[in-house]
Amino acid sequence: MTDEKTLLYSGYQVIPSNFSLEAYKYVFKNPTTIIDAYKVTFAFSVIGTALSVLLMAMLAYPLTKKELKGRNFVSFLLFFTMLFSGGLVPSYILITRYLHLGDTIWVYILPSMISVWYTFMMRTFFNDLPKEIFESALVDGAGEFRIFFRMVIPLSKPVIAAVALFIFLGKWNDWFTSLLYINDPKLVSLQYLLQKIMNDIKLLSENSGNMSIQKDTSSIPTESVRMAMAIVVAGPALLVFPFFQKYFVKGLTIGSVKG
Amino acid sequence: MKEVIKQRKVSTKSKGTLGNRKWQLYGMMAIPLLFVIVFSYIPMFGIIIGFKDYKYSRGILGSEWVGLKNFEFMVKSNDFWNITRNTILLNLLFIVVGVISAVVVALIFYELKSRIATKVYQTIFITPHFLSWVVVAYMVYALLSPEYGTINKILGAFGISQINWYSEPKWWPLILTITNTWKIVGMDSVIYYAALMGIDSTLYEAAEVDGAGKLKIVKNIILPCLVPLIAILTILKIGNIFRADFGLFYQVTRDSGALYSVTDVIDTYLYRTLTVTGDMSLSTSVGFLQSIVGMVLVLITNYITRKINPDNALF
Amino acid sequence: MKKVLKRVMSALLCATMLAGAMSLCACEKKADAETLVWYMPADANQPGKDAVVEEINKITQEKIGVNIDLRFIDESSYNQRLEMMLASGEEMDLCFIGYLYTLQNAIRKEALTDITEYVKNLEVYDTIDEDIWKSCTYEGKLYAVPNIQIMSMGTAAVFRKDMVDKYGLDLDSVNSYNDLIPFFEKIRDNEPDLIPERAGACFAGEFDKTRTYDVFYDLVRYNPENDKVEVSAEMPGGYNRAVLCHEFYQKGFVRKDAATVTDDTADLNAGRYVQTNDASKPGDAEERTRMTGHEYVSKEVVPGIMSYNTATATMLGVPLQSKNPEKAVEFINLLHTDKDLYNLVVFGVEGVNYKKISDERVERIENSGYDMKAKGWKFGNQFNQYLTPELPDGIWEKTKEINDNAERSEILGFFLDDSMITTEISQCTKVRQEYSKRISAGVEDPAEYYDEYLDKLKKAGVYTIRDEVQRQIDEFKKNNN
């Protein structure tokens, strides 16, 4: 939030000495791009988070059943994907050529649906839930789905809120998906707009040894504009935090459960 | 209510049969597993790219096998031991310092009885997570810049000679650890905090009534509850010990050549090679190498954990 | 509340499944033989593009009977995107090949169609210098058509004109960077807000005794005088430049924090550097003027050569997956020869995206929804491009003259196969990057570290690279004589 001259002449300072909103005006000079990106990012972050959390919980809960055959195998199957991946090319072929998800909002949501890391985290939490309540519910004739939705989920609000927050932030900061899969400028994510600037700078410096192209630095926004972009992009994500925080702080204890 | 708690504590793991419910549980897993299979396992055959001389005209399957040739550029390199050492040692440092500070921060939150204070502190701790490495790099630069940096100004004020941070490697393991911890501690602590919320407050109160001191409570009640989570998260992190956070090592160090001896890691080395050669097969093979090392380490850690307490193991 | 949440969740879940299923069975949009998909690196956010494409199609329909589907990819994403699209065989008929995705890379991956036969029958073949064709022919085959633009760029020093005038610098009498010292001293003492020189924008030696070499990975270069491949850093110029940089640092001509500044575009754009370097070409100073808002003047300090690097910097290629390579090449031909079409792609529609001032001069309309930033050099024949206000009259004639008279690289047509030396290249690149900033920032005395630098390069295998390049060049020369 410092004006550009101050930045140039005295460098970064922890406390800005010269306050200016010029950069923000510049960022919002052409607001449709940013507004589109906001809409898209918000949509896929919310939908993606909700679906991800639900599906991951559905995966994690059965894994806590020690009697379930193949439980360790599934855990290993999941873990394996954490470490090994076929790289970008096969995924790209699958997603664009066979599933036709390129240039749709679903490409932000579907491929990254299951995060193994958070699934395991949920599993650990579900493990700690008192099994006896479930057993008494079973005696009452409740099915596993009923137990899952009626008891497991409500009891695990803190972890679900925590995981949801992580996923939400992960989605909010997604720029690489836009880079690879999105052609339609109306569908790019907010973070991509910021990352593009950084990538442009990197591109210019990489090619600095190559005199055979004309380098045009004038399209690179000034540093204060970049900072303003960073704030505009990250800001709203900061605002969602209190919303999730409510759930951690409430802290649901066993006592509040009533079957 | 007390009944429930008691039951929980004395319960033994009943090894009954699931009967019909087995299918309900399998059904529940089916959709998420479908996603895993489609988006993770189907593309996995691409690992073979790392062992091939990939020509687009011949496709992945049709390209020629070249064995381990794609690994040579890194493994045969003079820098291999240096970048491996940097990657593993720094990651180990991050894991240890990260876990300890996250648990401590979570405990502090837990102990803070005032809700407003908790909220304020949590927000302060979590904010760094929202900042991209690029922004963090600017902030670090504001502190360490040789000419205008805050730290050098303070040093100057005390008459201590200024340090040219970006050309002195010896400080960087420390700087990187602090930066990394600062960025992740808030979010990691949220997980532990959520676990603490799950601890039965009656247990805690009972201990307090018995006159147990704070430390004793932490040691005997709180930590044991966190151990499973610490174990899982650490095992998972060990799986990625051979992977470095590119943003941290590239942006925060400003890719300063003078620091390479301690800050050059596998991912930055790969990046540099790719920018000059543009050969994708290299990144696939390096990724594979990282996975294999991670896999072996995780299997070992998991085995040990299982020996100690099977409940805490990953699988 | 819970119930609502649950319902929303299940609705969402159903929607996902549906979308998944739908996209699975969605009828594949069959590649229309009559439409050519053309990917270019440019700002992807151009709402006015469709209107321009419509106009393009009117021309192409009439002349070659096809439609063009022009798609833009942001420049900084282009490399990765193109790599993926080539690898996956995604529908594509034309793409930009060059500094963002090198011809060498595309050929090594066998990603492009051999278009030799198509090109040779078309007008475009005669409009391009045969030496240029030679330098992008690989094993007798053509895979991409080079754009026509400046083909020989050397290095120019550009100076802020107001400062040159104020302190009476006579550029004609300057023949080395040492001659600039008095001028820089005056700037340093009298212009506290300005920096005399951008760090590293200098080199040792006299201007009329230097030349541009064929350089490989910024590590080794081919010296035609003795027919030897040399390690650039070992040449006297390398060390002398380090000494000069150090001298300039000590004299306070460059910024003190140059060693740690990673991105100084802000200073560059603000015109804070009184002298910096640009690629030398007609209009270079004017370009710098446009970028900074301060008037600049230029002086060529190293003359350029026409080489593999310049000839292959900007081209259009036909990817392997194109179903209609013949038409694609015909379209490239049209871009080279049809002035209206060319300017339509560069500037958009007249009256909507730009105004014509005179026959050859145009002015862009701001925020009109289509802007290639006048980068006509990215495709076709730039000599057909209308002039924007900052370009001087006669610039294309001058450029053409330079191209025609440019010195030719002695190894035109040589392609380096680096697959045997990847390890050494990555090791040496690391060493080079470790030292290049130290050299250009000039903080340290090179006497203290330069030997160490050379030593590290040797250990990293720079001689292996040198010998391999030498071997390949020898072989190339044997086969071509």
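See the structure above.
A brief report on the enclosed structure follows. Small disclaimer: the values here were computed from a predicted structure and weren't measured.

1. Digging into the packing of helix α8 (residues 131–139) of chain A against helix α9 (residues 144–155) of chain A
Any two packed helices are characterised by how steeply their axes cross, that is the angle between the axes, and by the distance between the axes.
Residues and elements named next belong to chain A.
Part 1 of the argument: Packing of α8 against α9 brings their axes to within 11 Å, and their N-to-C directions diverge by 160°. If you check the angle between α8 and α9, you find them roughly antiparallel. For the pair α8 and α9, the sense of crossing is right-handed. Within the contact between the two elements, α8 uses Ile 133, Phe 134, Ala 137 and Leu 138 and α9 uses Ile 147, Met 151, Val 152 and Leu 155.
Part 2 of the argument: A breakdown of the residues in the contact of α8 with α9 according to their chemical character gives eight nonpolar, no polar and no charged.

2. Section: the packing of aromatic side chains
Part 1 of the argument: Taken as a whole and judged by the stated rule, the model has 57 aromatic pairs over all chains.
Part 2 of the argument: Taking 5.6 Å as the distance between ring centres and 90° as the angle between the ring planes, the aromatic pair formed by Trp 175 of chain A and Phe 176 of chain A counts as edge-to-face.
Part 3 of the argument: Assessed through its relative accessible area of 24%, Trp 175 of chain A is described here as partly exposed.
Part 4 of the argument: Overall, the relative accessible area of 28% leaves Phe 176 of chain A in the partly exposed class.
Part 5 of the argument: Seen from their ring centres, Phe 159 of chain C and Phe 183 of chain C are 6.4 Å apart, and the 65° between their planes marks the pair as edge-to-face. Of this pair, Phe 159 of chain C sits in strand β7 (residues 154–160) while Phe 183 of chain C sits in helix α9 (residues 181–190); the two residues are 24 residues apart in sequence, bridging distant segments of the chain.
Part 6 of the argument: Since its relative accessible area comes to 1%, Phe 159 of chain C is described here as buried.
Part 7 of the argument: The exposure class assigned to Phe 183 of chain C is buried, which follows from its relative accessible area of 2%.
Part 8 of the argument: One Lys or Arg, Arg 211 of chain C, reaches over the ring of Tyr 213 of chain C and ends 5.1 Å from the middle of that ring.
Part 9 of the argument: Looking at Arg 438 of chain C, its charged tip hangs above the ring of Tyr 449 of chain C, at a distance of 5.2 Å from the centre.

3. Section: the sheet that holds strand β6 (residues 144–146) of chain C
All names here are of chain C.
Part 1 of the argument: Within the open sheet, the five strands sit side by side as β2-β1-β3-β15-β6. Their pairing is mixed. This sheet does not close on itself; its edge strands, each paired only once, are β2 (67–73) and β6. Across this sheet, the average inter-strand angle for adjacent strands is 30°, counted without regard to direction.
Part 2 of the argument: Relative to strand β15 (residues 314–317), strand β3 (residues 94–98) runs antiparallel, the two sharing four bridges. Bridge pairing in β15 links Cys 95 to Gly 317.

4. Description of the state of the cysteines
Part 1 of the argument: For the coordinates displayed, the defined rule picks out zero disulfides over all chains.
Part 2 of the argument: Looking at the unpaired Cys 95 of chain C, the closest cysteine sulfur is the one in Cys 136 of chain C, lying at 14 Å.

5. Quick notes on the pairing of strand β11 (residues 228–231) of chain C
Residues and elements named next belong to chain C.
Part 1 of the argument: In this structure, strand β10 (residues 220–223) lies alongside β11, joined through four bridges in antiparallel fashion. Looking at β11, one finds that Tyr 222 is bridged to Val 229.
Part 2 of the argument: In this antiparallel pair of consecutive strands, β10 and β11, the connection spans four residues, and Asp 227 shows a positive phi of 60°.

6. Describing the environment of Glu 90 of chain C
Part 1 of the argument: Along the chain, the position of Glu 90 of chain C falls in the loop between α3 (75–88) and β3.
Part 2 of the argument: Overall, Glu 90 of chain C belongs to the buried group, its relative accessible area being 16%.
Part 3 of the argument: Taking C-alpha positions, Glu 90 of chain C is 9.7 Å from Pro 319 of chain C, a pair spaced 229 residues apart along the chain.
Part 4 of the argument: Looking at Glu 90 of chain C, its side chain comes within polar contact range of the side chain of Tyr 92 of chain A, at 2.6 Å.

Here is what the cut-offs are and how they apply
Residues numbered from 1 in each chain as written. Chains lettered and ligands numbered in written order. Predicted model: local features only at pLDDT ≥ 70, side-chain atom pairs only at ≥ 80, totals over all residues. Heavy atoms only, no water. Axes fitted to C-alpha atoms, helices over the stretch in contact; angles between N-to-C directions. Helix = DSSP H or I, 4+ residues; strand = E, 2+ residues; numbered from the N terminus. Parallel < 35°, antiparallel > 145°, perpendicular 65-115°, else oblique. Left-handed = near helix turned anticlockwise from the far one by under 90°. Contact = heavy atoms within 4.5 Å. Nonpolar A, V, L, I, M, F, W, Y, C, P; charged D, E, K, R; others polar. Phe/Tyr/Trp six-rings, centres within 6.5 Å; stacked < 30°, edge-to-face > 60°. Buried < 20%, exposed > 50% of the residue type's maximum accessible area, 1.4 Å probe, protein only. Lys NZ or Arg CZ within 6 Å of the ring centre and 35° of its normal. Pairing = 2+ DSSP bridges. Disulfide = S-S within 2.5 Å. Polar contact = N/O pair within 3.5 Å; in protein donor to acceptor, adjacent residues only side chain to side chain.

Treat this as a map of the structure, not an account of what it does.
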